[in-house]
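# Observations on the three-dimensional arrangement
Listed here are the chains, written in short residue letters.
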Number of protein chains: 2
Amino acid sequence: MLKTTLAPKSIAFIGASSTPGKLGFDILSNIKHLGYKGKIYPVNPKGQPILGLKTYTSIRNLPEIPDLVLVAIPASTVNKTIQECGKHGIKNITIISAGFKEVGGEGVQREKDLQNIIQKYGICLIGPNCLGIINTDIDMNASFAEGMPNKGNVSLISQSGAMAVAIIDWAYESGVGFSKIISMGNKAGVTENDLLEYLGNDSKTKVILMYLESIADGKNFMKIARKVSLKKPIIIVKSGTSEAGTKAISSHTGSLAGSDIAVSTAFEQTGIIRAESTQELFDFAKAFSAQQPPKGKRVGIITNAGGPGIMATDALSTTTLKLADISKQTQEKLSKGLPQTASLHNPVDVIGDAPAKRYQHAAQTLLESNEIDSLLVVLTPQIMTEVKKVAEITTSLAHQYPEQTVMSVFMGGESVRRGYTVFRRNHFPNFVFPSRAILALDHMYQYAEWKKHEKNRLRKKEVQKKVLGRKKLDAIFASKKSGERFSPHEIETLMNAYGIKCPKMQLAKTEKEGCQFAKKIGYPVVMKIASPEIYHKTDAGGIRIDIENEKELKSAWQEILDNVKTYNPKAKIEGITIEPMVPIGKEVIIGAKKDPQFGHMLMFGLGGIYVEILKDVTFRIAPITKNEAMHMVEEIKTIELLKGARGEKPVDIKNIAEVIERVGQIMMDYPQIQEFEINPLIVCPRRGTFAVDVNCIV
Amino acid sequence: MLKTTLAPKSIAFIGASSTPGKLGFDILSNIKHLGYKGKIYPVNPKGQPILGLKTYTSIRNLPEIPDLVLVAIPASTVNKTIQECGKHGIKNITIISAGFKEVGGEGVQREKDLQNIIQKYGICLIGPNCLGIINTDIDMNASFAEGMPNKGNVSLISQSGAMAVAIIDWAYESGVGFSKIISMGNKAGVTENDLLEYLGNDSKTKVILMYLESIADGKNFMKIARKVSLKKPIIIVKSGTSEAGTKAISSHTGSLAGSDIAVSTAFEQTGIIRAESTQELFDFAKAFSAQQPPKGKRVGIITNAGGPGIMATDALSTTTLKLADISKQTQEKLSKGLPQTASLHNPVDVIGDAPAKRYQHAAQTLLESNEIDSLLVVLTPQIMTEVKKVAEITTSLAHQYPEQTVMSVFMGGESVRRGYTVFRRNHFPNFVFPSRAILALDHMYQYAEWKKHEKNRLRKKEVQKKVLGRKKLDAIFASKKSGERFSPHEIETLMNAYGIKCPKMQLAKTEKEGCQFAKKIGYPVVMKIASPEIYHKTDAGGIRIDIENEKELKSAWQEILDNVKTYNPKAKIEGITIEPMVPIGKEVIIGAKKDPQFGHMLMFGLGGIYVEILKDVTFRIAPITKNEAMHMVEEIKTIELLKGARGEKPVDIKNIAEVIERVGQIMMDYPQIQEFEINPLIVCPRRGTFAVDVNCIV
């Protein structure tokens, strides 16, 4: 039905007005005057013709059931009208009117009622509180944005009407052409998920842009994005990244924004390119819509001035790309068409007085050399510079060598404008600053890399570890109230079920019991306070290690109880657990937290200060494969400490990855878990891992 | 003499040509046709009039000694001509011709010869290999850049002619107006230091922009920049930040780029605003040239759409600024001119249909409230938006309330262009994206903060610690060859002289001596290998701590020697030092390294993995005050570990700062030191600091 909404053969417009300057007039004028060839039915209680079109007093009087109904009437009358439409058999509606959830108060109820109506009649609804929709393929501007954007292969989904208008406005200048533009408004019906899926299958859309403030159903969003990203790039500006920003959202559009880290993690895992600003959105759109991503990291740069060459090289050094090495052989070829003072190294400097011919020689030589994956042609306007010719040569070479990604940077204003015209006409990505071109190129490369990894991931389906004693576990989970913590014994059951090694622990209620257990386990032992109120056991003085004998155990028993009493006099003490000492190794943390949007976020990092002060951790959204878990471990800055810094033996990283993967599996099997943490997981060079302290809250 | 060069009453141009398109014609045409009112003397061997000007065959035939001689002739003939000028009493020359140091080979010698000539005759030289100079105050364009930039209060110094051309080209659009533009070329005579000092005193220049690839005399540069920054902002793009970038410099302009960290450190200390790209250079220039820096952190935002408000808030969260809190009282005032659906919190949302009047009410209310230090007016083009009126209101309020910094963000292209005209005419800073406005605002605030600190620093002249036994030290330093390391005893002398506590150490040549020393010092002791070839003593197994008695000492002695032999069989062993055990504390590193451009860089960080793997360190260029040293310590990410994380006692940070300050003093007193490091400096909660291992190379 989205197909019909976006390419209707007929449009009825409820709220048409004959007064220029009014929304009802501007929208109708947009539909009629910008090229739409379908039928147009203005609806207005007065029934006088508007813009020469026959006007109807009610949708019931229309000669046919229109494909799309556009609504721009006061909010208080909307629901009644939609009800009428539903009864009349109308299936596609776009509501431009504001005055719903976003205004709070009665607006919230109004939107709920609206949702009930569309559900009842099976209506595909866009809006309310939106700008409308544009589809340049059929010359339809059913919105109150002025003019018709240039045609192109980029489609835009925007949660903010104002941002959509600004983006359309910029597009005229930036040379980005659009296929479809959809303003979602409050998303009472159609959401970003529906639109993403639709545009993913839309043959006219090569690049999908989104401006999002919130994500309604994160899990589904990830599923869809993952599939679509394999076909075409999705570039998103997601605002509301800051705490304060999040507050602004809730007071402005009434929707909830989730944690920004979860968003970034979800985007990375699903291949989405995140733009940090609208400027980046444009830059990336321009690059992705015009060129193929580079096949490798090697960038060649041609310039007619040293400074910009250096700036491009500086920019490269902050990316995953690198300056290509140019072989002696290629340098020789280059030298044949360049003056003696030219630099034959990368960046290749064709010198300030370079005519177009020199650019042509240098570019062609590099493109034929097999030594670069992408080429950046940099030009500054100097006296002899043939701006237009260089632009023509560059675009034509880009066409001739589709195996390499070609971009240009023509620096300056008026003097290089003749080049811009060439670039726009040929749909070629030119930038005004080297750093912005390089950043776009880097994101293209990373997107291509993600696709490779993703295809790999889909090929290698991993066999999930078999879970032992599932029934017993189910019973434990069923018995838990929300917010309740697992007891040490329950933890042991959970860990055993998923094959995560943990020291066998016993909860001693009395000192005497403690001595018995310790004797059974064998000294040395570790003692830990067992109290649902005490989470930071070390801080509370609730842990004693390396207890060698009964005497030490007894004195430690009293000490722990005293410490804990001082720390939190009200804490309920269940006893003290007795565990065997685990071998010495590195301490890492593996955690999981339920994110309201995307499900469980898995976290990994080194224990102690590394997590608490340096916040050196990585995230993924569950489930993940062992391979992804390996990447996760290797991403932390302090990975050297696990790989054996300063002459130490490396620890078993594979083993850590396995535990992370299994924690992910636990989260999938028991989604009621709110928080889960192994802290620490002791990792030894040879003897594997031990989950020493585990916490689980449902 | 720079004054004469930049504002000459007469210009002789050697290399004038009558052929349009040639450099010699274009430059002359620029001088004559763009408004210069002084005398113009073209010089050309043919002597035919050019552009209606009397042309001379030699500078010897001119009717007067011209204030400035401009040279654009083949490189091979330049030096002879300059010699002639010198003899003729000419004092100011600008050489546009290329073919000097930048081409390598004979060009290097040619530049050296040129430098000798100008020195001999006391000539103030700009160039060679430069674009020329522009001074809009006297309508002079003595360069080959096209046209005359708009007049304004910004001056530009550029090391790259191409970048200068591009910047001038952009300036037309960005609304930045220029006073002076100087292309430095190879800097054979006048350098950035001379120009910075000159523009610092130039009343027509309010903001100084620089594009630099290298800094010739870093120490002087810092001295001058520090003074100038107190008077006006200096904004610099320094390229060549990457390793690869540095290579590009040496092959392109023949000058050396220093370490980028040293550059950033020097800029921060001297109040220089570093722009990461030419785009930022423009953004900052626009903001600084039009408005005063904000007096505090509180930013107020007015917007007619939620999305851009959120984006501005997001951008704020990455800066030192913060979203202003708006009081109940002000909210009430706001509500009187705004519709019910408006958001009265910050960002204040005046809603999409806001006419100019509503903007006026909101802006004025905030500006009068005393609750904001700066105001950002955000506008998106919607149906009812009165773009031009809002622009007029904004600029006029900015004028009316000079105590607050006011900027605007008009998002869009064609639709908001009517606003741009207003902004340009009123010299008001408007941006197209919120993030760029916020970044500029943040840099303005930080600049103001630097000025405050700097004034404070100048007020509180600190008394330098008296150095004991200076003569003895001088003798030690005098005896050292380049690259030689200090012996343990020499280190002790040095540390004592500057009042840095270190454990009394003794170098034992034999095991027997070791036992004697240990007895004298008192057990427990620490043993450390003494060998000039072994720097990483721990890695070499060359350290043993907590030696309790003679027996342990003897076995450790043999063990250390064995370890070291395995580690480096060729190492020359001087013996083993015996030191007392120092109390347990945190390990920090204080180091110094001589940077070829700026002098000694001081480094501070936590010892061990914090420095080696996390690279969590801070830098300053010596000398620094104790206050600056305190800031340095507090800047590291792991400062919490020193302030007492996880229930530990805080260590004596003041004491660390004192040691850093003194290390800085050592570097000033003995600039021949190449590298110096205290690693570790043990810092205890109460008992001060101990320099346990110190390394010093001259």
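Before reading further, recall that the structure is shown in the block above.
Within any chain, residue numbers begin from 1 and follow the written order of that chain's sequence. Chains carry letters and ligands carry numbers; both start at the beginning, A for chains and 1 for ligands, and go up in the order they are written. This being a predicted model, a pLDDT of at least 70 is required before a residue's local features are given, and a value of 80 or more before pairs of side-chain atoms are given or counted; all residues contribute to the totals for chains, interfaces and linings. Hydrogens are left out, water is left out, and the side-chain values use all remaining heavy atoms of the structure.

Quick look at the side chain of Ser-289 of chain B now. Residue and element names in this part refer to chain B. Here a helix means four or more residues in a row that DSSP labels H or I, a strand means two or more in a row labelled E, and each is numbered from the N terminus. If you trace the backbone, Ser-289 turns up in helix α10 (residues 278-290). Think of a polar contact as two N or O atoms within 3.5 Å of one another; within protein, one of them needs to be a possible hydrogen donor and the other a possible acceptor, and neighboring residues in sequence only count if both atoms come from side chains. From its side chain, Ser-289 meets the backbone oxygen of Lys-286 in a polar contact 3.3 Å long. Not counting chain neighbours up to four residues away, the residues in contact with Ser-289 comprise Asn-153, Val-154, Lys-206, Val-207 and His-427. Contacts between residues were defined by any pair of non-hydrogen atoms, one from each residue, lying within 4.5 Å.

This part takes up the packing of helix α3 (residues 75-87) of chain A against helix α4 (residues 106-121) of chain A. All names here are of chain A. Only C-alpha atoms enter the line fits that serve as axes; for helices the fit covers just the stretch in contact. Angles between N-to-C directions range over 0 to 180 degrees. One way to put it is that α3 packs onto α4 with a least axis distance of 9 Å and a crossing angle of 5°. As the angle between them shows, α3 and α4 are arranged roughly parallel. Across from Ala-75, Ser-76, Asn-79, Ile-82, Gln-83, Gly-86 and Lys-87 in α3, the residues of α4 making contact are Arg-110, Asp-113, Leu-114, Ile-117, Ile-118, Lys-120 and Tyr-121. Put simply, Ala, Val, Leu, Ile, Met, Phe, Trp, Tyr, Cys and Pro go in the nonpolar bin, Asp, Glu, Lys and Arg in the charged bin, and everything else, Gly too, in the polar bin. Considering only residue class, the contact of α3 with α4 consists of six nonpolar, four polar and four charged. Orientation labels follow simple angle bins: below 35 degrees gives roughly parallel, above 145 gives roughly antiparallel, 65 to 115 gives roughly perpendicular, and whatever is left gives oblique.

A word on the sheet that holds strand β7 (residues 140-143) of chain A. Within a sheet, neighbouring strands are paired by backbone hydrogen bonds and run either parallel or antiparallel to one another. All names here are of chain A. Two strands pair if DSSP finds at least two bridges between them. The seven strands lie next to each other as β7-β6-β9-β8-β10-β11-β12, forming an open sheet whose pairing is mixed. Here the strands that pair on one side only, and so sit at the sheet edges, are β7 and β12 (273-274). The sheet contacts of helix α6 (residues 192-200) involve β8 (151-158), β9 (178-183), β10 (207-212) and β11 (234-238), and relative to β10 the element is tilted by about 170°.

Before going further, it helps to examine the packing of helix α14 (residues 387-400) of chain A against helix α15 (residues 417-425) of chain A. Residue and element names in this part refer to chain A. At their nearest, the axes of α14 and α15 sit 7 Å apart, and the two run at 25° to each other. It follows that α14 is roughly parallel to α15 by the angle criterion. As for the relative orientation of α14 and α15, their crossing is right-handed in sense. For the pair formed by α14 and α15, the contact residues are Val-387, Lys-388, Ala-391, Glu-392 and Thr-395 on the first element and Arg-418, Gly-419, Val-422 and Phe-423 on the second. When the residues that make up the contact of α14 with α15 are grouped by side-chain class, the tally is four nonpolar, two polar and three charged. Helix crossings get a hand from a simple test, with the near helix turned counterclockwise from the far one by less than a right angle marking a left-handed crossing and a clockwise turn marking a right-handed one.

That bond from Asn-346 of chain B to Pro-347 of chain B is cis: its omega, -5°, falls within 30 degrees of zero. With respect to the helices, strands and loops of the structure, Pro-347 of chain B is situated in the loop between α12 (328-335) and β15 (348-349). Residue Pro-524 of chain B follows Tyr-523 of chain B across a cis peptide bond; omega there is -5°. One non-glycine residue, Asn-370 of chain A, adopts positive backbone phi at about 65°. Turning to its location among the elements, Asn-370 of chain A is positioned in the loop between α13 (356-368) and β16 (374-379). Residues other than glycine seldom take positive phi values, yet Asn-129 of chain B does so here, at roughly 60°.

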